[in-house]
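Examining the three-dimensional arrangement
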Amino acid sequence: MKLLFSSLAAGLFFITTTAFGQVQQLSVKDSIKTFYAQLFEELKGNYLHTKKVDWEGIESYIMKEAAKSATLEESLEYSVKLFDTIQGDHLLLFSEKNWYASTLGKPITAEQFNQSLADAYNNNKPFEAKVIEEHYGYVLIPGMLLKDATREELDEAAQKIYDAIVEIDKSNHIKGWIIDLRLNIGGNSNVMLTGLYHLLGNSTTHLVLDVDKNVKTLTSLNEGIMYKNHKETIAVKPNVKPRPVVPVALISGILTNSAGEFVILGFRGRKNTVVIGEESHGSTTANDLYDMPFGIKAAITESYGTDRSAKFTKTIIPDVEVVKETNFEDLLKDKNIIEAMKFIDAQ
């Protein structure tokens, strides 16, 4: 078995409200032309490395080849060639029928998995919050992409995470928290980070940098509200005082990618915090979703993502390395969890 990150998108949880197929009266060729014209417009204007691309040459080639397709959906296969050609290893398209991503992502082989990790991923293990050994809070946050969600739905998703954590914290004597991101292959990082407000408190979570590595956006939490610069994006309604210095151990793995990595960036620099596990997959560039014709979405890489120090790293290197020791069936036999509990006890 050989996987590429592009194949990981199948494990994302999607919430979508648009309908692909309110397609039009246009001919197939006109539909393809309409779609790719807007895709190129958005890429030229927003792609992080747009100035390095020979847009005239690649646009002419892709438009010509895509026009030979029998259907619009078939033509979307050419977006993969496009993304690879412009070195867009974090670029994706989502239609109602499929998703299309660059093949340049780091390959993941069967030898890198143990059976428990493979089973949990293949079975789409869901969000979970519980107590381990009476005194350790455990939160599993898998990949989650709310593709067409309203602001209300984004807030509700963040509130679900927040409420699960607070309910455990109020009902138990919790010494510290374990945040498991081994199945988090991407999605809406701001929802995840806002949901974790009880453990982050009022703080800067992360920064995004432009192509010259200058800070262009500061993302922060204040009283349960996430702001990008000064613009409110997502919010939870806090009902207890946050615990921004309680010990937290984050678990990273070979599948931890994109939004999963941004969650770790949001905690990096926080007191009493450690990262345990394996080096992350490596998509710490920041994407934004764009509405395209015919219900298609484009995730376009616009910037570099960093922790509050503004130092960019392609991957997340754990503070404590644990390799192929996952045991989701019995967490007390999972070496990552064992190391996390040791860290919490030592604080």
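Residues numbered from 1 in each chain as written. Predicted model: local features only at pLDDT ≥ 70, side-chain atom pairs only at ≥ 80, totals over all residues. Heavy atoms only, no water.

Quick notes on the pattern of salt bridges
As enumerated under the stated definition, the model contains 16 salt bridges in all. Two residues, Asp 155 and Arg 151, come together in a salt bridge whose shortest N-O distance is 2.8 Å. In this pair, Asp 155 and Arg 151 both sit in helix H7 (residues 151–171), 4 residues apart, roughly one turn of the helix. What makes Arg 151 partly exposed here is its relative accessible area of 32%. Measuring nitrogen to oxygen at the nearest pair gives 2.7 Å for the salt bridge that ties Arg 151 to Glu 232. Taken together, the residues Arg 151 in helix H7 and Glu 232 in strand S13 (residues 231–235) connect sequence positions 81 residues apart. The network of salt bridges with common partners includes Lys 125, Glu 128 and Lys 130. (Salt bridge = Lys/Arg side-chain N within 4 Å of Asp/Glu carboxyl O. Helix = DSSP H or I, 4+ residues; strand = E, 2+ residues; numbered from the N terminus. Buried < 20%, exposed > 50% of the residue type's maximum accessible area, 1.4 Å probe, protein only.)

Brief notes about the confidence of the model for the protein chain
Averaged over the protein chain, the pLDDT score is 92; the fraction of residues at 70 or greater is 93%. Low confidence marks residues 1–7, where pLDDT is under 50. Its contacts with residues over four positions away, or in another chain, come to 20 contacts. With pLDDT under 50 throughout, residues 9–24 is counted as low confidence; its partners more than four residues away or in other chains account for 44 contacts. (pLDDT = per-residue confidence, 0-100. Contact = heavy atoms within 4.5 Å.)

Structural notes on the side chain of Glu 42
For Glu 42, the position within the fold is in helix H2 (residues 28–46). The residues contacting Glu 42, other than those within four sequence positions of it, are Tyr 47, Tyr 290, Met 292 and Ile 300.

Details of the environment of Gly 260
Turning to its location among the elements, Gly 260 is positioned in helix H10 (residues 259–267). Distance from Gly 260 to Glu 96, taken between C-alpha atoms, is 24 Å for residues 164 residues apart in sequence. In contact with Gly 260, not counting residues within four places along its chain, are Leu 181, Asn 184 and Gly 186.

Observations concerning the packing of helix H3 (residues 55–66) against helix H5 (residues 77–85)
One way to put it is that H3 packs onto H5 with a least axis distance of 10 Å and a crossing angle of 165 degrees. The orientation of H3 with respect to H5, classified from their angle, is roughly antiparallel. When you trace H3 past H5, the crossing you get is right-handed. Mapping the contact onto sequence places Ile 58, Tyr 61, Ile 62, Glu 65 and Ala 66 in H3 and Tyr 78, Lys 81, Leu 82 and Thr 85 in H5. Counted by class, the contact of H3 with H5 contains 6 nonpolar, 1 polar and 2 charged residues. (Axes fitted to C-alpha atoms, helices over the stretch in contact; angles between N-to-C directions. Parallel < 35°, antiparallel > 145°, perpendicular 65-115°, else oblique. Left-handed = near helix turned anticlockwise from the far one by under 90°. Nonpolar A, V, L, I, M, F, W, Y, C, P; charged D, E, K, R; others polar.)

Section: H7
Taking 1.5 Å as the rise per residue, H7 with 21 residues should run 30 Å; its terminal C-alpha atoms sit 30 Å apart, in good agreement. Restricting attention to buried positions, one finds in H7 the residues Leu 154, Asp 155, Ala 157, Ala 158, Gln 159, Ile 161, Tyr 162, Ile 165, Val 166, Ile 168 and Asp 169. Against strand S6 (128–132), strand S7 (136–140), strand S9 (176–180), helix H8 (189–195), helix H9 (197–200) and S13 lie the buried residues of H7. (Expected span 1.5 Å × (residues − 1).)

Remarks on the nonpolar core
Counting residues in hydrophobic clusters, the biggest one holds 42 residues, and the most contacted among them are Trp 177, Ile 179, Leu 196, Leu 199, Leu 250 and Phe 267. The set of elements that each furnish at least two residues to this core consists of H7, S9, H8, H9, strand S14 (248–252) and H10. Ranked by residues supplied to this core, first place goes to H7 with 8 residues. Ignoring any residue separated from it by four or fewer positions in sequence, one finds Leu 199 in contact with Ile 165, Trp 177, Ile 179, Arg 243, Pro 244, Val 246, Val 248, Phe 267 and Arg 270. (Core = buried A, V, L, I, M, F, W, Y, C linked by side-chain atoms within 4.5 Å.)

Quick look at the pairing of S6
With 5 bridges joining them, S6 and S7 adopt antiparallel strand pairing. Bridged to Glu 128 within S7 is Leu 140. Counting the residues between successive antiparallel strands, the hairpin from S6 to S7 contains 3 residues, one of them, Glu 133, with a positive phi of roughly 50 degrees. (Pairing = 2+ DSSP bridges.)

A word on the pairing of strand S16 (residues 285–291)
Judged from the 7 bridges that link them, S16 and strand S17 (residues 297–306) form a sheet pairing that is antiparallel. The residue of S17 that forms the bridge with Leu 289 is Ala 299. In this antiparallel pair of consecutive strands, S16 and S17, the connection spans 5 residues, and Phe 294 shows a positive phi of 65 degrees.

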